[in-house]
2 protein chains.
Amino acid sequence: MADIARRPDHRYGNRPTMKDVAARAGVGLKTVSRVVNGEPGVTPDTERRVQEAIEILGFRRNDSARVLRKGRTATVGLVLEDLADPFYGPLSRAVEEVARAHGALLINGSSAEDPYREQELALALCARRVDGLIVIPAGTDHRYLEPEIRAGVATVFVDRPAGLIDADAVLSDSFGGARDGVAHLIAHGHRRIGFIGDRPRIHTASERLRGYRAAMEDASLPVEDAWVSVGSTGPERVRSAVREMLAAPEPVTALFAGNNRVLVTVVRALSGHPRRVALVGFDDIELADLLGITVIAQDAAALGRTAAERLFRRLDGVDEAPERVVLGTTLLARGSGEIPPPSV
Amino acid sequence: MADIARRPDHRYGNRPTMKDVAARAGVGLKTVSRVVNGEPGVTPDTERRVQEAIEILGFRRNDSARVLRKGRTATVGLVLEDLADPFYGPLSRAVEEVARAHGALLINGSSAEDPYREQELALALCARRVDGLIVIPAGTDHRYLEPEIRAGVATVFVDRPAGLIDADAVLSDSFGGARDGVAHLIAHGHRRIGFIGDRPRIHTASERLRGYRAAMEDASLPVEDAWVSVGSTGPERVRSAVREMLAAPEPVTALFAGNNRVLVTVVRALSGHPRRVALVGFDDIELADLLGITVIAQDAAALGRTAAERLFRRLDGVDEAPERVVLGTTLLARGSGEIPPPSV
DNA sequence: CTGAAAGCGCTAACAA
DNA sequence: TTGTTAGCGCTTTCAG
């Protein structure tokens, strides 16, 4: 164990290089390169010899070196919030499929909703010279990406817009979706409607709150402070918000849940409640159909696909001004949103 | 557009290099390298000059070149089946967290349950010289990875074991979990129990079927062919399996669902059924608690974490024989598994 | 059709 | 404390 371990020139666990293959096959280095890359201009016989040497040596091209030379990595980076969130899984997968169609691989990481971590990750990806970057922002200031974008890293924001820089963004219509959902409750007779959402510094969260207020205002309904609760999506916080809204002297008769995590907790909280409370949630969740939960659904996969396609269009050299694409949402009426208020 | 686009020597979108920084700061190349890497032996004053130049030029180290030199990429690859599957999200996230703790990034891709795609992906990751590879196998022959492993790519299989090679694997106890679940149904009086699972070439699927048979045999119960249905997890196939099992002259009184996707479809199918049919599923799913669905839960995050920790232990030079780690499952009784058979 | 030489941007090893 | 030189493994260029 003492001296055997020291083999400083055997990196990558001692892998053969093109040079080794060339030596073994008795050809020049460039010929090996040609064969490996399927370039024309090699005799079938020579090619066979090279292939044999590759086989025997177990050669596999070192893409790090290739990248260094070619300047393109055929890799895109995806910075998202939490890979474990069921909303981001399909989004990520959609990005991956588009990348695959373009021969690129995907490096992804989670920011955990921490702006610092988002930046750290995005810059680490840039240091690896990803060709492009898709970012679901955690922070609200993306000026740190300006040098990178200027240097040629194609960048598309998705789910939430970039902060303080002009860049492509693909979003769902959070405002319109929330407004529609709340209007739906109003149409079913509700006048006191509670809103439970995520922290307002998150763009989608504040947009949905704005949609809620707009729908109330459109119907000339007041909004009392006690009906709005925003903050962490942790179960404790959401549970207590539900409890308080329902325990008030004039309790809300309907609730709007601002995202998938809030919705899950609200559903749990309401399941133990004696009175039937109407509910509409933003984001569809699995089995919501069986539970009869009315939701505003957004298409996570379409979000990812659209963003990725835009990214690769940029990488193909299309040079338009940054644009904001907004995808529509769908109201899925399944029962919970159609429960009338008790008084009616 | 004609000649402007041709700037062959301006790669990476024309980014400054250490050489540029050195020139600007009036120092040597190596000094810049020292500053960038936080190595000692640089005067505060020199350091400041270099930092300034870095700032002005918008320099960011090119990790591709660094990797080529150092031989380690600080990247691990994860080949999974489908990033959009809610089972793999938490697994992937857990791997990511461990990688992050070790300063590594994660490249991941989905095989879509296609062995060829798995191989293609795994080898592409090897070509990029990932330090390690975590694979959820789609195929059953992993000899193609032998040269890579021999060349030093640390490799850990997770969720399913490797085929035809000796390698680390971290698995859930599919056999024991399924046996427990079926035994649970038997304990509640069922004698005719149906099993609906995934394609048997998938290791977990065949193990779960084996667990089902073992439980039946332990209770000296026969298993009729019509009670076992394996194949694609597509909704149509699963729906028709449910329909047939319940339409038989002597219908099953309970069902065991072999994985999360099967379970979801079975729940939907049963929700429209007049008779109450007992049900236990493998894998917990969101909101299953509210629907009262009894499941055998496995810990996807623990699976990912354990595999990743093992991987990094290998990368730290630990050299033990390949090992198989099996994590236990938990039966969560919520109602559907405790429904008695009609006759009782 | 084939190969030798230069160099991508960085770090290791050694000088100064 | 600082700089110079040689390469990492590949592709590009250009000459045979």
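Only a predicted model underlies this, so the values are computations on that prediction, with no experimental measurement involved.

*Asks:* Requested: an account of the protein's contact with DNA strand D, with residues and values cited.
*Replies:* Neighbouring DNA strand D are 26 residues; Met-18 and Lys-30 of chain A together with Thr-31, Thr-46 and Arg-69 of chain B lie closest to it. The sugar-phosphate backbone supplies 60% of the atoms of DNA strand D found within 4 Å of the protein. Contacts to DNA strand D include Asn-37 of chain A, whose side-chain N or O atom sits 3.3 Å from a phosphate oxygen. Within the contact set of DNA strand D, a base oxygen lies 2.9 Å away from a side-chain nitrogen or oxygen of Arg-34 of chain B. Among the elements of the structure, α2 (29-36) and α4 (63-70) of chain A together with α2 (29-36) and α4 (63-70) of chain B are those that each provide at least two residues to the surface near DNA strand D. Here the element with the most residues in the surface near DNA strand D is α4 of chain A; it accounts for five residues.

*Asks:* Provide a residue-level description of the domain arrangement of chain A, including the pertinent values.
*Replies:* All names here are of chain A. Domain annotation of chain A identifies domain 1 (18-61), domain 2 (71-172 + 300-327) and domain 3 (174-298). Each of domain 2 and domain 3 has a C-alpha centre, and the two are 30 Å apart. Interface area for domain 2 against domain 3, summed over the two sides, is near 1000 Å², with a carbon-plus-sulfur share of 43%. For Glu-81, the salt bridge identified is with Arg-261, shortest N-O distance 3.3 Å. Inspection of the region where domain 2 meets domain 3 yields eight residue pairs in polar contact (both at pLDDT 80 or more). The residue makeup of the side of domain 2 that touches domain 3, split by class, is six nonpolar, two polar and five charged.

*Asks:* Can you break down helix α12 (residues 300-315) of chain B residue by residue, with the values?
*Replies:* Residues and elements named next belong to chain B. With 16 residues, α12 should cover 22 Å at 1.5 Å per step; its first-to-last C-alpha distance of 23 Å lies within 8% of that length. Of all the residues in α12, the buried ones are Ala-300, Ala-302, Leu-303, Gly-304, Ala-307, Ala-308, Arg-310, Leu-311, Phe-312 and Leu-315. Elements that come into contact with the buried residues of α12 comprise β1 (75-80), α5 (88-101), β3 (132-135), β4 (154-158), β5 (168-172) and β11 (324-327). Where α12 begins, one side-chain oxygen reaches toward the backbone nitrogen of Ala-301, 3.3 Å away; that side chain belongs to Asp-299. Note on α12: the residue one or two positions beyond its end, Gly-317, has a positive phi of about 100°.

About the cut-offs
- Residues numbered from 1 in each chain as written.
- Chains lettered and ligands numbered in written order.
- Predicted model: local features only at pLDDT ≥ 70, side-chain atom pairs only at ≥ 80, totals over all residues.
- Heavy atoms only, no water.
- Near = heavy atom within 4 Å.
- Polar contact = N/O pair within 3.5 Å; in protein donor to acceptor, adjacent residues only side chain to side chain.
- Helix = DSSP H or I, 4+ residues; strand = E, 2+ residues; numbered from the N terminus.
- Domains from an automatic or database assignment.
- Buried area = accessible area lost by both parts, 1.4 Å probe.
- Salt bridge = Lys/Arg side-chain N within 4 Å of Asp/Glu carboxyl O.
- Nonpolar A, V, L, I, M, F, W, Y, C, P; charged D, E, K, R; others polar.
- Expected span 1.5 Å × (residues − 1).
- Buried < 20%, exposed > 50% of the residue type's maximum accessible area, 1.4 Å probe, protein only.
- Contact = heavy atoms within 4.5 Å.

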